[in-house]
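Architecture and fold: a report
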Amino acid sequence: MSPSDRAASISLHDHEPFRFVKKREISKLMGLSGDTLKKYRLSGLLCEDIYWIRINSKVVLTICL
């Protein structure tokens, strides 16, 4: 399943709880470094407003399903 297909399947109507978490928490949950997550964001592997949101110039939150 491609990232865009997976994103399309995530809906508020699915009633699956999700939340956005800081880099440290998602790194621990996924076993990835903050640098790897940043690389994924910059390369487009993690799409903004689907998998992550920018709060301000220093804070990025990633979705945690």
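Anyway, here's the lowdown on the structure attached to this text. If you're wondering where the values come from, they're calculated on a predicted model, not measured in any experiment.

Section: the overall build of the protein chain
In terms of helices and strands, the protein chain carries three helices and three strands. Each helix (α) and strand (β) of the protein chain, taken in turn from the N terminus, gives the series α-β-α-α-β-β. For the protein chain, the residues scored as buried account for 23% of the 65 residues in total. Taking the contacts inside the protein chain whose residues are at least 6 apart along the sequence as the reference set, 53% of them involve residues at least 24 apart.

Quick look at the pairing of strand 3 (residues 60-64)
The element strand 3 is largely enclosed, with a buried count of five among its five residues. Judged by which residues are buried, strand 3 turns out to be covered on both faces: Val60, Thr62 and Cys64 on one side and Leu61 and Ile63 on the other are all buried. One ladder, built from three bridges, connects strand 1 (residues 19-21) with strand 3; its direction is antiparallel. Following the sheet pairing, phenylalanine 20 is matched in strand 3 by isoleucine 63. Once strand 2 (residues 52-54) ends, the chain turns through five residues before running back antiparallel as strand 3.

Here we look at the nonpolar core
Counting nine residues, the largest nonpolar core is built from Val21, Ile26, Leu37, Leu46, Tyr51, Trp52, Val60, Ile63 and Cys64. When residues in this core are grouped by element, the largest group, three residues, is from strand 3. Ignoring sequence-local partners within four residues, the contact set of leucine 37 consists of Lys23, Ile26, Ser27, Met30, Leu32 and Leu46.

Some details on the packing of aromatic side chains
One pass over the full model with this rule turns up zero aromatic pairs. Looking at arginine 41, its charged tip hangs above the ring of tryptophan 52, at a distance of 5.6 Å from the centre.

Calculation rules
- Residues numbered from 1 in each chain as written.
- Predicted model: local features only at pLDDT ≥ 70, side-chain atom pairs only at ≥ 80, totals over all residues.
- Heavy atoms only, no water.
- Helix = DSSP H or I, 4+ residues; strand = E, 2+ residues; numbered from the N terminus.
- Buried < 20%, exposed > 50% of the residue type's maximum accessible area, 1.4 Å probe, protein only.
- Contact = heavy atoms within 4.5 Å.
- Pairing = 2+ DSSP bridges.
- Core = buried A, V, L, I, M, F, W, Y, C linked by side-chain atoms within 4.5 Å.
- Phe/Tyr/Trp six-rings, centres within 6.5 Å; stacked < 30°, edge-to-face > 60°.
- Lys NZ or Arg CZ within 6 Å of the ring centre and 35° of its normal.

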